[in-house]
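Chain by chain, the residues:
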Amino acid sequence: MGCATIPAMRALVVSDIHSNLEAFDAVLADAEEHGGYDIVWFLGDLVGYGADPGRCIERLQELPNVAVAGNHDHAVTGKLNPDLFNGAARAAALWTADVLTYDELAYLAGLPEVRTEGDFTHVHGSLRDPVMEYLLSEPAALATFALMGTPFCLVGHSHFPIVWTENEHGADVALLDPTEPLGMHQDRRVIANPGSVGQPRDGDWRASYLLYDSEAEDAGVLEHRRVEYDIATAQRKIREAGLPEVLADRLARGH
């Protein structure tokens, strides 16, 4: 398909950290314990909802990474009107914009909406609407497949760990299975979502992420992992910051 395959490497694929330092640190530790990684591929929404935006930005910047912007990253920097969000999300965006430093806001404002890394396109929402469209329907998936210049695409935003696979009639969707790594093949175009690190919404409260091993199989393997983290501390910080109670409560429900 005319794309340069990435040299042998392992990538940690994360999205929707949402200022949840406890979840992010648990993912980093778990990934190290399961083969490690050479780089972090971050798919947007580093901030919003949680109480540690600055420390999550710092943590990501400490690591070798390539990152794209999400809608919450845009909202706190003024690129997106926070009035488009629901009440709790809007309150968190305004609070986050107030507590971040100039340099932290500048970092978020400088994140691109789309990046290409070898055979992978990275975007938060979709290629049709990079920060706002939820890729949860077949028409949305097909629209992104039509715009892809690479065999594979990684997205976030929906907080659901799912994979879309193109076929001759359209696209198939499935939940990613932690017990069955997903083999990538040059003749099968795929869009994968690692789920959310900081605020899962698929009914499982554990942080969700992917590990990509480029040396396995034809074009590598994506391994889906879930990891427990210190929810109580994340919830306490949200409450102490004066953020909406629902943002603390929903962490334990996983939706």
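Keep in mind it's a predicted model, so treat the numbers as computed, not measured. (Residues numbered from 1 in each chain as written. Predicted model: local features only at pLDDT ≥ 70, side-chain atom pairs only at ≥ 80, totals over all residues. Heavy atoms only, no water.)

A.B. asks: Talk me through the sheet that holds strand β8 (residues 170-175); I want residue IDs and the actual numbers.
C.D. replies: Taking strand neighbours across the sheet as the criterion, the 6 strands line up as β4-β5-β6-β10-β7-β8 in an open arrangement whose pairing is mixed. Two strands bound the open sheet, and with one partner strand each, they are β4 (114-117) and β8. On average, each strand axis in the sheet is tilted by 20 degrees relative to the strand beside it, whichever way the strands run. Relative to strand β10 (residues 190-192), strand β6 (residues 152-154) runs parallel, the two being bridged by 3 bridges. Looking across to β10, one finds that F152 is bridged to V190. (Pairing = 2+ DSSP bridges. Helix = DSSP H or I, 4+ residues; strand = E, 2+ residues; numbered from the N terminus. Axes fitted to C-alpha atoms, helices over the stretch in contact; angles between N-to-C directions.)

A.B. asks: Residue-level account of the environment of A69, with values.
C.D. replies: Here A69 is to be found in the loop between β3 (65-67) and α3 (71-77). Separated by 141 residues in the primary sequence, A69 and L210 have C-alpha atoms spaced 18 Å apart. With sequence-adjacent residues up to four places away left out, A69 is seen in contact with G44, H74, L111, P112, H124 and V131. (Contact = heavy atoms within 4.5 Å.)

A.B. asks: Now, about the packing of helix α1 (residues 21-33) against helix α2 (residues 53-61): what can you tell me, with residues and values included?
C.D. replies: Where α1 meets α2, the closest approach of the two axes is 9 Å, and the angle between their N-to-C directions is 20 degrees. The orientation of α1 relative to α2 falls into the category roughly parallel. Residue-level inspection shows L21, F24, D25 and L28 of α1 in contact with α2, the latter providing R55, C56, R59 and L60. Broken down by class, the residue content of the contact of α1 with α2 amounts to 5 nonpolar, no polar and 3 charged. (Parallel < 35°, antiparallel > 145°, perpendicular 65-115°, else oblique. Nonpolar A, V, L, I, M, F, W, Y, C, P; charged D, E, K, R; others polar.)

A.B. asks: Give a detailed account of the sheet that holds strand β11 (residues 207-213), specifying residues and quantitative values.
C.D. replies: One open sheet accounts for 6 strands, arranged β3-β2-β1-β11-β12-β9; its pairing is mixed. In this open sheet, the two edge strands, each paired with only one partner strand, are β3 and β9 (182-183). The strands touched by α1 are β1 (10-14), β11 and β12 (221-227); relative to β11, the strand with the most contacts, the crossing angle is about 35 degrees.

A.B. asks: Tell me about the nonpolar core, residues and numbers included.
C.D. replies: Residues L12, V14, L46 and L108 are the most contacted members of the largest nonpolar core, which totals 48 residues. Sorting elements by how many residues they give to this core places α1 first, with 7 residues. In this view, L12 contacts V27, L28, A31, Y37, I39, V40, W41, Y209, L210 and L211; residues no more than four positions away in its chain are not counted. If you look at the next biggest cluster of nonpolar residues, it comprises 20 residues, including A11, A192, A219 and L222. (Core = buried A, V, L, I, M, F, W, Y, C linked by side-chain atoms within 4.5 Å. Buried < 20%, exposed > 50% of the residue type's maximum accessible area, 1.4 Å probe, protein only.)

A.B. asks: Mind laying out the pattern of salt bridges, listing which residues take part and the relevant values?
C.D. replies: In total, this model carries 16 salt bridges according to the counting rule given. We note a salt bridge from R226 to D202, for which the minimum N-O separation is 2.8 Å. Of this pair, R226 sits in strand β12 while D202 sits in the loop between β10 and β11; the two residues are 24 residues apart in sequence, bridging distant segments of the chain. The exposure class assigned to R226 is buried, which follows from its relative accessible area of 11%. Relative accessible area serves as the criterion here: at 27%, D202 is assigned to the partly exposed category. It is possible to trace a salt-bridge network through shared partners that takes in D202, D204, R206 and R226. (Salt bridge = Lys/Arg side-chain N within 4 Å of Asp/Glu carboxyl O.)

A.B. asks: I'd like a rundown of the packing of aromatic side chains, residues and numbers included.
C.D. replies: What the rule picks out here adds up to 5 aromatic pairs. Between W41 and Y212, the aromatic rings sit 5.7 Å apart at their centres with planes inclined by 25 degrees, giving stacked as the arrangement. Taken together, the positions of W41 in strand β2 (residues 39-42) and Y212 in strand β11 put the pair 171 residues apart, joining distant regions of the chain. An identical accessibility class is assigned to W41 and Y212; each is buried. On the numbers, 6.1 Å between centres and 55 degrees between planes, the contact of W205 with Y229 is tilted. (Phe/Tyr/Trp six-rings, centres within 6.5 Å; stacked < 30°, edge-to-face > 60°.)

A.B. asks: Which residues make up helix α4 (residues 87-99), and what values do they have?
C.D. replies: If you check α4, its first and last C-alpha atoms are 19 Å apart, about what 13 residues at 1.5 Å a residue would give, namely 18 Å. Buried positions along α4 lie against α2, α3 and α8 (245-253). With a side-chain oxygen lying 3.2 Å from the backbone nitrogen of A88, the N-terminal cap of α4 falls on N86. (Expected span 1.5 Å × (residues − 1). Polar contact = N/O pair within 3.5 Å; in protein donor to acceptor, adjacent residues only side chain to side chain.)

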